[in-house]
Amino acid sequence: MNGFLRDCRLGLRTAFRSPSYSAVAVVTMALAIGANTLLFSLANPLVVRPLPLGDPDSLGWVRQTNGPRGVSIGRSSMPDYLDWRESAKSFSSLAARESGSGTLLGEGDARRVTLMRVTSNLPQVWGLLPYQGRLFQDGEDTPGRAPVGVISYRFWQNEFNGDPGVVNRTFSLDGQTLTIVGIMEPKIEFGNLALIDIWVPLPLDTSRPRDSRTLGVMGTLGPGVTLAMADAEMRELAARLATAYPATNADWAVTVLDSRSAVTSADTWVILGLMSVVVFFVLLIACASLANLARARLVGRRQDLAVRQALGASRLQLIRPLVAESLVLGMLGGALGLLIAVAGLRVINAVAYEEFFKTLGIDQYVLVFNAMLSVVTPLLFSLWPAFSQSRSATSETLRGSRVFGSRFGRRRGSFLIVSQVAMALSLLVVSALAVQSMLNMRNAPIGIDVDHLLAFKFDLPQDRYPGDDARRDFARRLTRELQAVPGARSAALSSQLPVLDPEVSRTFSGTLNDGTPESGQPWAAWFAVTPSFFETTGISLVAGRLLSEGDMAGRQAVAVLSRTAATRYFNDPATAVGRTVQMSGGGEPASPVTIVGVVEGTKDSNLSEVSPQVFVPLDQAPTAALTALVASDAPEARIADARAVLRQLDSAVAMTMPKSVTQMVDEETSSASIINSAFVAFAGLALILAAAGLYGVISFTVGQRRQEFGVRLALGAAPGEIRSMVLSEGLKVTLIGVGLGLIMAWGLAIASASVLYGVTPEDARTYVGVTAVVITVAALSVWVPASRAMRVDPVTALRAD
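The structure presented is a predicted model; accordingly, all values stated were derived computationally and were not measured.

Rules used throughout
- Residues numbered from 1 in each chain as written.
- Predicted model: local features only at pLDDT ≥ 70, side-chain atom pairs only at ≥ 80, totals over all residues.
- Heavy atoms only, no water.
- Helix = DSSP H or I, 4+ residues; strand = E, 2+ residues; numbered from the N terminus.
- Buried < 20%, exposed > 50% of the residue type's maximum accessible area, 1.4 Å probe, protein only.
- Contact = heavy atoms within 4.5 Å.
- Areas by Shrake-Rupley, 256 points an atom, 1.4 Å probe, with all protein chains shown as cover.
- Salt bridge = Lys/Arg side-chain N within 4 Å of Asp/Glu carboxyl O.
- Phe/Tyr/Trp six-rings, centres within 6.5 Å; stacked < 30°, edge-to-face > 60°.
- Lys NZ or Arg CZ within 6 Å of the ring centre and 35° of its normal.
- Axes fitted to C-alpha atoms, helices over the stretch in contact; angles between N-to-C directions.
- Parallel < 35°, antiparallel > 145°, perpendicular 65-115°, else oblique.
- Left-handed = near helix turned anticlockwise from the far one by under 90°.
- Pairing = 2+ DSSP bridges.
- Polar contact = N/O pair within 3.5 Å; in protein donor to acceptor, adjacent residues only side chain to side chain.
- Patch = residues over 30% accessible without salt bridge, like charges linked within 9 Å, V, L, I, M, F, W, Y side chains within 5 Å.
- Expected span 1.5 Å × (residues − 1).
- Bend = angle between axes of the 7 residues up to and from the residue.
- Core = buried A, V, L, I, M, F, W, Y, C linked by side-chain atoms within 4.5 Å.
- Lys, Arg positive; Asp, Glu negative; His and termini not counted.
- Charge placed at Lys NZ, Arg CZ, Asp CG, Glu CD.

Trainee: Any chance you could explain the overall build of the protein here in plain terms?
Mentor: Of regular secondary structure, the protein possesses 26 helices and 22 strands. Burial statistics for the protein: of 801 residues in total, 54% are counted as buried. Looking at the protein alone, contacts between residues at least 24 apart form 80% of all its contacts between residues at least 6 apart. Total accessible area computed for the protein in this model is approximately 33700 Å², and 58% of it derives from carbon and sulfur atoms.

Trainee: Any chance you could explain the pattern of salt bridges here in plain terms?
Mentor: Pairing is possible between side chains that carry opposite charge, provided their charged atoms lie close to one another. Taken as a whole, this structure holds 21 salt bridges when the rule is applied. Here arginine 208 ties to glutamate 98 by a salt bridge, and the two come within 2.6 Å at their closest N and O atoms. Taken as a pair, arginine 208 in the loop between β9 (198-201) and β10 (216-221) and glutamate 98 in strand β3 (residues 91-105) lie far apart in primary sequence, 110 residues in all. No difference in accessibility class separates arginine 208 from glutamate 98, as the two residues are buried. Here arginine 489 ties to aspartate 449 by a salt bridge, and the two come within 3.9 Å at their closest N and O atoms. Highlighted residues: arginine 489 in strand β13 (residues 488-494) and aspartate 449 in the loop between α15 (412-443) and β12 (453-459), separated in sequence by 40 residues. Residue arginine 489 is classed as partly exposed on the basis of its relative accessible area of 46%. When its relative accessible area of 25% is taken as the criterion, aspartate 449 is described as partly exposed.

Trainee: Can you walk me through the packing of aromatic side chains in this structure?
Mentor: Aromatic ring pairs are reported here in terms of the distance separating the ring centres and the angle at which the planes meet. Taken as a whole and assessed by the stated rule, the structure comprises 16 aromatic pairs. Relative to phenylalanine 474, the ring of tyrosine 465 lies with its centre 5.3 Å away and its plane at 70°, an arrangement referred to as edge-to-face. Exposure class is identical for tyrosine 465 and phenylalanine 474. Each is buried. Taken together, a centroid distance of 5.4 Å and an interplanar angle of 75° make the contact between phenylalanine 534 and phenylalanine 615 edge-to-face. Taken together, the residues phenylalanine 534 in helix α17 (residues 533-537) and phenylalanine 615 in strand β20 (residues 613-617) connect sequence positions 81 residues apart. Of the aromatic side chains, those joined through ring pairs into one cluster are Phe456, Phe458, Tyr465 and Phe474. Taking the ring centre of tyrosine 245 as reference, the NZ or CZ of arginine 210 above it sits at 3.7 Å. For the cation-ring pair, arginine 506 lies above tryptophan 526, with the distance from its terminal atom to the ring centre recorded as 4.1 Å.

Trainee: Could you clarify how one ought to interpret the packing of helix α2 (residues 19-48) against helix α22 (residues 670-704) in this entry?
Mentor: Helix-helix packing is described using two parameters, namely the angle between the two axes and the distance between the axes. In contact at an axis separation of 11 Å, α2 and α22 are set at 160° when each is read in the N-to-C sense. One finds that α2 runs roughly antiparallel with respect to α22. In terms of crossing hand, the pair formed by α2 and α22 is left-handed. Note on element contacts: α22 touches α2 through Phe682, Leu685 and Leu689, opposite Thr28, Leu31, Ala35 and Leu38.

Trainee: Explain unusual backbone geometry to me, please; I cannot follow it from the model alone.
Mentor: Of all residues except glycine, most have a negative phi; of all peptide bonds, most are trans. The phi angle at asparagine 161 is positive, at roughly 55°, despite the residue not being glycine. Among the secondary structure elements, asparagine 161 is positioned in the loop between α5 (153-160) and β7 (170-173). Residue asparagine 161 is classed as exposed on the basis of its relative accessible area of 68%. Phi at asparagine 571 takes a positive value of approximately 70°, unusual for a residue other than glycine. Considering the arrangement of structural elements, one finds asparagine 571 in the loop between α18 (563-570) and α19 (573-576). Of the residues examined, asparagine 571 reaches a relative accessible area of 52% and is grouped as exposed.

Trainee: Is there a simple way to think about the pairing of β7 in this case?
Mentor: Only one face of β7 is buried: it carries Phe171 and Leu173, and the other face, with Thr170 and Ser172, is open. With two bridges connecting them, β3 and β7 associate as antiparallel partners. Bridging from a neighbouring strand, leucine 104 pairs with leucine 173 of β7. When β7 meets strand β8 (residues 176-184), the two strands line up antiparallel, connected through four bridges. If you follow phenylalanine 171 over to β8, its bridge partner there is leucine 178.

Trainee: Is there a simple way to think about the side chain of serine 490 in this case?
Mentor: Among the structural elements, serine 490 can be located in strand β13. One polar contact links serine 490 to threonine 536, side chain to side chain, over a distance of 3.0 Å. When neighbours within four sequence positions are excluded, serine 490 is seen to be in contact with Gln483, Glu535, Thr536, Leu629, Val630 and Ala631.

Trainee: What exactly am I supposed to notice about a nonpolar patch on the surface here?
Mentor: Together, Val27, Leu31, Leu336, Leu339 and Ile340 line one region of the surface with nonpolar side chains, adding up to about 380 Å² of accessible area. Those elements that provide at least two residues to the nonpolar patch are α2 and α11 (315-351). In terms of residue count, α11 provides more of the nonpolar patch than any other element does, three residues in total. On the secondary structure map, valine 27 appears in helix α2.

Trainee: Honestly, α2 in this entry has me stumped. Any pointers?
Mentor: Think of an α-helix as 3.6 residues a turn; residues three or four steps apart then line up on the same face. For α2, built from 30 residues, the straight-helix expectation of 44 Å at 1.5 Å per residue is missed by more than 12%, its first-to-last C-alpha distance being only 38 Å. The largest bend in α2 amounts to roughly 45° and is located at leucine 42, with the proline proline 45 lying one to four residues further along. Among the 30 residues that make up α2, 22 are buried, leaving the element largely enclosed by the rest of the structure.

Trainee: Would you take a moment to explain the nonpolar core for this structure?
Mentor: A general feature of soluble globular proteins is that nonpolar side chains tend to end up buried together. Counting 85 residues, the largest nonpolar core has Met275, Val282, Phe381, Phe679, Phe682, Val726 and Val774 as the members making the most contacts within it. For this core, the element with the highest residue contribution is α22, accounting for 15 residues. Residue contacts for methionine 275: discarding those within four places in its chain leaves Leu39, Leu42, Ile675, Ala678, Phe679 and Phe682. With 45 residues, the next largest nonpolar core counts Trp523, Trp526, Ala576 and Met655 among its residues.

Trainee: So what exactly am I meant to see when it comes to a positive patch on the surface here?
Mentor: On the surface, Arg6, Arg9, Arg13 and Arg17 cluster together into a positively charged patch. Judged by its relative accessible area of 48%, arginine 9 falls in the partly exposed class.

Trainee: Which parts of the structure should I look at to understand the pairing of strand β14 (residues 505-509)?
Mentor: Along any regular strand the residues' side chains alternate between the sheet's two faces. The element β14 is largely enclosed, with a buried count of four among its five residues. Strand direction decides the pairing type here: β14 and strand β15 (residues 523-529), joined by three bridges, are antiparallel. Its bridge partner lying in β15, threonine 507 is registered against tryptophan 523. In terms of strand pairing, β14 meets strand β18 (residues 580-585) through three bridges, oriented antiparallel.

What follows is the structure, encoded as structure tokens:
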């Protein structure tokens, strides 16, 4: 131990005697370690950090799937959940949850709050504890019970300043008296769960529609039950329900996931895997650059090493001080890398919209990972040069060694350059594809005029608007008043916001393609809208007519289909117009609806797919939860006017999330933007490190070959020939790396195909463009030392030897 400490002190003194080398080594390691630490911080909550649940390994998460609709991870309906709860033997306890919102009254103006409705057994299934007060008791999810609530720790701190007296106080939630019975422990505020304001019981209402799939279902596996056993049983139960209720459950299957898979999508695993490869390549490139730098530096110390070896020093005694010096530099680089990662997280926290990114930070797992890299990185780049130099210190001194030799002798340095160029090129290709994918998604038309739309949501309290007539009247008055707002071109209401809101669907019968393998059970995403909706959103007419003021309650039920729905179920938009179909869903029995028009339609909530859609008059299907839309040249400037209109009509109706639709789309794509920016940053760093490594190798080679160049010039070689020779040798190594890098890039691009949009993994323009960039940067890196080689003074070079 004393010997190691002595070596560290010697290494520290040696590092201070070579400030240029030490600074370059520390900064290079800091960039590589910082990039890896930043990625680990992103992946840590999903992969390493234990989930904030009592026993995550004992849970099974039930997800519904539907092949014809392309649903791979879907939610469940209340009737399905109750059937499973009654029949499933694999779970000792099966719970459900549902996200929602409500209007809270009690102090000041009405405010919109984010709700998590849960069955009374969910705290037990998740292993949750109250921070203060209590959680839910058995029976509190029975329909008709007086509602109780548990507020989140964040909401308690922000809205009540941590006042413990809030427990047992009463408020009005959507017109019902709500008693606060407890405060939820803060550890559950993870990801989107950190957005929750109030936890309330989820009423076990058997009358809810079977096709209204809004519940997340999970349960505690029974003793001795494996995930595979639970999956098999749930698949069988789903098949029984599909047979018993074909109108709502046909094509719907079930899968049971473990906790990690449930909170992390397949695309997320692909992205994390690719980013892991990216930052690992950055680390390897940095190590290769530092290895070349270390070898060059050791050549200057070869006489000292040779003397020590001649005096009887063992190889271990020669290597130990070299490795100790690298470890000292590694610790400094790790500390600086941690600061870089912290700075990166702060930037992400500042620009991110999703709560997951806002809750990222440095914990003990990140610190351990950073410390590990601080040790591993210097060992990676120092051991090979140290072993190599210590093995041949005496012999190389006697023959005046040139580490790389003429024409990159023995290819030892060239191998590192080839690997650096290959890794940098492959990362640049994947990053370029990712950026193109993001730009394609952002710039692709989504079907509505996002640049000129203001949107906000609101709920009509049940006690003030108990019936359909009251809701119709409020909708008409609000639409009229919003249209009169100065600067508003038009205004409309909708049950959901196309593109951005979760899907509510309806099924059909009576189409031309009922039950065909191509269409499966005919269905469409359902929207109840006011007649001005299409003008406000900019959705254009394809065939027939739009909804009109005459399509009122009590008159013939009508609907407008999207082009996708009309083509899928009637082969052609014109054929669909005038047809009458049976539409069912939302708890309503099948009823005839006449199709009066076809419109272009919009993208769905993932911004990349186009699902069939059906639009019905809001007057014929009134609902309490609505989205208001205002078209304006300056949508955000209309927020204050819209808020005033809503307050004037009814101060008990709270406005929530008033934003331009452009901002909503930006928020929806913010995760992709952050990830793609990280890709670009890491790939750019890799290119810079590779270029620096190439420059360093060529510069060192030129320095070692000064005598050779002097002889060539003395014998009549033109200076331009010397430069061309060095350029040729450098670019030859670069081209080998480019060839290998293209192969690696193709493999990484194929692996990332599932997360690309609007660009193929084999996009030729990307490969050609990136190759040109890499070769150009490599040529510039070689040009400077090559130009220096042509200016060698023959007399000085020969005398130096």
